[in-house]
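Structural description and commentary
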Amino acid sequence: MNHFQLICIDCNEAHNPSFELLRCSKCDGILDVRYSSSYIEGIRENLSFNALIELMTPIIDKEFIVSLGEGNTPCTEISTVGSDIKQHLIAKLEYMNPTGSFKDRGVATMISAAKYYGVKEIVEDSSGNAGASVAAYAATAGIKSNIFVPSNAAGSKLAQISAYGAVVHKIDGSRSDVTEKLIDYKDKFDLHYGSHAISPFFIEGNKRFAYEIALNPEIDLPQHIIFPVGNGGLLLGAWKGFMELFLFGLIREMPKLHSVQSELIDPITRAYYSDVFDSQEGVTLATGISVKSPPRLNQIIEVINQTKGRAISITEKQMIDAKEFLCHKGLYCEYTSAVTLAGLHKLVEIGEINTGQTVLLPLTGTGLKEN
Ligand SMILES: [Zn+2]
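Please read these numbers as outputs of a predicted model, since none were measured by experiment. Within each chain, residue numbers correspond to sequence positions counted from 1 in written order. A pLDDT threshold of at least 70 governs which residues receive local features in this predicted model, and a stricter bar of 80 or more applies before side-chain atom pairs are shown or counted, although totals over entire chains, interfaces and linings include all residues. Calculated side-chain values reflect all of the structure's heavy atoms, with hydrogen atoms and water omitted.

1. Quick notes on the pairing of strand 3 (residues 31–35)
Extensive coverage of strand 3 is indicated by the burial of four of its five residues. When DSSP finds two or more bridges between a pair of strands, those strands are recorded as paired. The numbering of helices and of strands both runs from the N terminus, where a helix is a DSSP run of H or I of at least 4 residues and a strand a run of E of at least 2. Bridge count between strand 1 (residues 4–8) and strand 3: five bridges; the pairing is antiparallel. Each residue of the ladder has a partner; that of Ile-7, found in strand 3, is Asp-32. A simple rule labels every residue: compare its accessible area, found with a 1.4 Å probe on the protein chains alone, to the largest value its type can have, and call it buried under 20%, exposed over 50%, or partly exposed in between.

Listed below in structure tokens is the structure:
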């Protein structure tokens with residue numbers, strides 16, 4: 001028997017795990033990994049942080065674990081001298097991951113699952129960091145990858161994807177045209193879809209972000225973490241990780257998890273405030289969170305509410321200023337990462353974050369790929 005199942009987050013239907021299963025067979029809902037209670041009880045008997053990290057994961061057989069040394073990214077204090085910031089700010093340098101973004105922990109787990117289930121070739125659609133990460137981890141696992149990208153995607157990101165040996169499929173048209181072509185191709189050649197936006201394995205791998213923060217002896221557990229949110233993979237993974245640590249009694253409080261989007265594309269913020277969603281056609285510099293209809297939208301809102309966080313949006317000008325501030329502190333991140341600092345200013349302004357509190361900003365992607 002498996003030590004976990006894939007559970008529908010809408011109707012709770014349990015499914016036997018496989019790599020290609022992305023939706024509930026009953027209601028088409030999104031799936032999450034859930035461990036069996038007997039497995040969890042076994043871990044509880046020998047409880048430690050390390051046991052959790054090693055064992056609360058879907059692929060435990062070392063033979064199938066695919067890794068490039070992702071995670072354990074540095075945490076560094078951001079100097080706020082001379083600014084009007086009155087919080088204790090910590091940056092977690094997610095861009096120090098092997099392919100330059102936070103995607104690597106989740107993709108490592110997703111590709112480990114692909115290897116475990118005997119997948120030989122996958123398809124993925126991404127215009128940037130996720131495509132690069134999937135291409136790299138698939139390469140090291142000996143899995144052929146096809147990455148579908150919009151034809152106008154950034155040249156530096158496409159060069160990285162190609163360099164890993166992936167087959168790059170450039171598609172004219174909108175982002176949804178790219179996904180449509182991917183589905184046609186996948187069906188035609190009977191391939192597996194390694195979707196970072198939906199795969200339960202991707203979210204599960206991202207839990208390590210939370211463990212790393214809780215384990216780090218050099219920093220206090222932050223009261224607030226501010227996430228750039230597109231598909232919500234890092235926020236949801238962090239939440240699962242902190243929840244496990246909380247339920248196992250290894251942390252006493254949950255940090256508040258906040259979501260920041262560009263006001264040009266902000267379906268999460270709109271749903272958080274009004275439940276009304278109409279399509280937006282804006283183009284933001286924060287390409288990593290330019291997602292018009294995130295498949296896990298309802299789950300993201302639930303997590304924000306449950307941790308007493310907030311969903312907010314910021315302007316392009318605020319994002320540009322925030323990136324400049326971070327760069328002048330030696331932190332060369334992409335615009336998508338800079339929305340976290342812009343979000344801090346807004347959360348302080350609306351009274352959500354107070355003077356003297358500890359706030360962690362995940363700097364999710366490197367600035368090097370943005371040119
Ligand atoms: Zn269901």
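2. Topic: the coordination of the zinc ion
Note on donors: an N, O or S atom is included if it sits within 2.8 Å of the metal, or within 3.2 Å for Na, K and Ca, and water is never included, so sites can look incomplete. At this site the zinc ion is bound by Cys-8 (SG), Cys-11 (SG), Cys-24 (SG) and Cys-27 (SG), with donor distances of 2.2 to 2.3 Å. Metal sites are grouped by the angles between bound donors: all angles between 85 and 135 degrees with four donors is tetrahedral, opposite donors over 155 degrees apart with the others between 65 and 115 is square planar for four donors and octahedral for six, and any other pattern is irregular. Around the zinc ion, the four donor atoms are arranged such that angles at the metal cover 100 to 117°; this shape is classified as tetrahedral. Donor residues for the zinc ion sit on one chain with the sequence pattern C-x2-C-x12-C-x2-C. Placement of the pair is Cys-8 in strand 1 and Cys-27 in the loop between strand 2 (14–15) and strand 3, with a sequence separation of 19 residues.

3. Considering the environment of Ile-225
Assignment of secondary structure puts Ile-225 in strand 10 (residues 224–228). What makes Ile-225 buried here is its relative accessible area of 0%. In this structure the C-alpha to C-alpha distance between Ile-225 and Ala-238, which are 13 residues apart in sequence, comes to 9.6 Å. Working rule for contacts: check all heavy atoms of both residues, and any pair within 4.5 Å makes them a contact. Dropping the residues within four chain positions of it, Ile-225 is found in contact with Ile-213, Phe-242, Pro-255, Lys-256, Leu-257, His-258, Leu-360 and Pro-362.

4. Section: the domain arrangement of the protein chain
Per the domain assignment, the segments making up the protein chain are domain 1 (4–46), domain 2 (75–101 + 206–369) and domain 3 (103–200). Throughout the structure description, domain borders are defined by an automatic or database domain assignment. Computed over C-alpha atoms only, the centres of domain 1 and domain 2 are separated by 27 Å. Each partner contributes to the interface: domain 1 provides 10 residues, whereas domain 2 provides eight residues. Accessible area, probed at 1.4 Å, shrinks when two parts are joined; the buried area is that loss added up over both. Summed over both sides, the interface of domain 1 with domain 2 buries roughly 670 Å², with 49% coming from carbon and sulfur. Think of a salt bridge as a Lys or Arg side-chain nitrogen and an Asp or Glu carboxyl oxygen that are within 4 Å of each other. Inspection of the domain 1/domain 2 interface yields one salt bridge. Ionic pairing is found between Asp-32 and Arg-296, a salt bridge with its closest N-O pair at 3.0 Å. Each polar contact in these results corresponds to two N or O atoms within 3.5 Å; when the atoms are within protein, one needs to be able to donate a hydrogen and the other to accept it, and residues that are neighboring in sequence are counted only if both atoms are side-chain atoms. Across the contact surface, domain 1 and domain 2 share four residue pairs in polar contact (both at pLDDT 80 or more). Those elements giving two or more residues to the side of domain 1 that touches domain 2 turn out to be strand 3 and helix 1 (37–45). Residues are sorted three ways: Asp, Glu, Lys and Arg are charged, Ala, Val, Leu, Ile, Met, Phe, Trp, Tyr, Cys and Pro are nonpolar, and all the rest, Gly among them, are polar. Looking at the side of domain 1 that touches domain 2 residue by residue, the classes come out as seven nonpolar, no polar and three charged.

5. Things to note about the nonpolar core
Buried residues of nine kinds, namely Ala, Val, Leu, Ile, Met, Phe, Trp, Tyr and Cys, make up a nonpolar core once their side-chain atoms join them within 4.5 Å. Core analysis: the largest hydrophobic core is formed by 71 residues, its most contacted members being Ile-111, Ile-122, Phe-227, Leu-235, Phe-242 and Ile-268. Beyond its immediate chain neighbours, meaning those up to four positions away, Phe-242 contacts Ala-210, Ile-213, Leu-221, Ile-225, Ile-251, Met-254 and Pro-255. Core analysis: the next-biggest nonpolar cluster, separate from the first, contains 28 residues, Ile-78, Ile-314, Tyr-335 and Ala-338 among them.

6. Digging into helix 11 (residues 297–306)
Every buried residue of helix 11 is accounted for by Leu-297, Gln-299, Ile-300, Ile-301, Val-303 and Ile-304. Buried positions along helix 11 lie against strand 3, helix 9 (233–247), strand 11 (256–262), helix 10 (267–274) and strand 12 (311–314). Of the residues trailing helix 11, Lys-308 is marked for its positive phi of about 60°.

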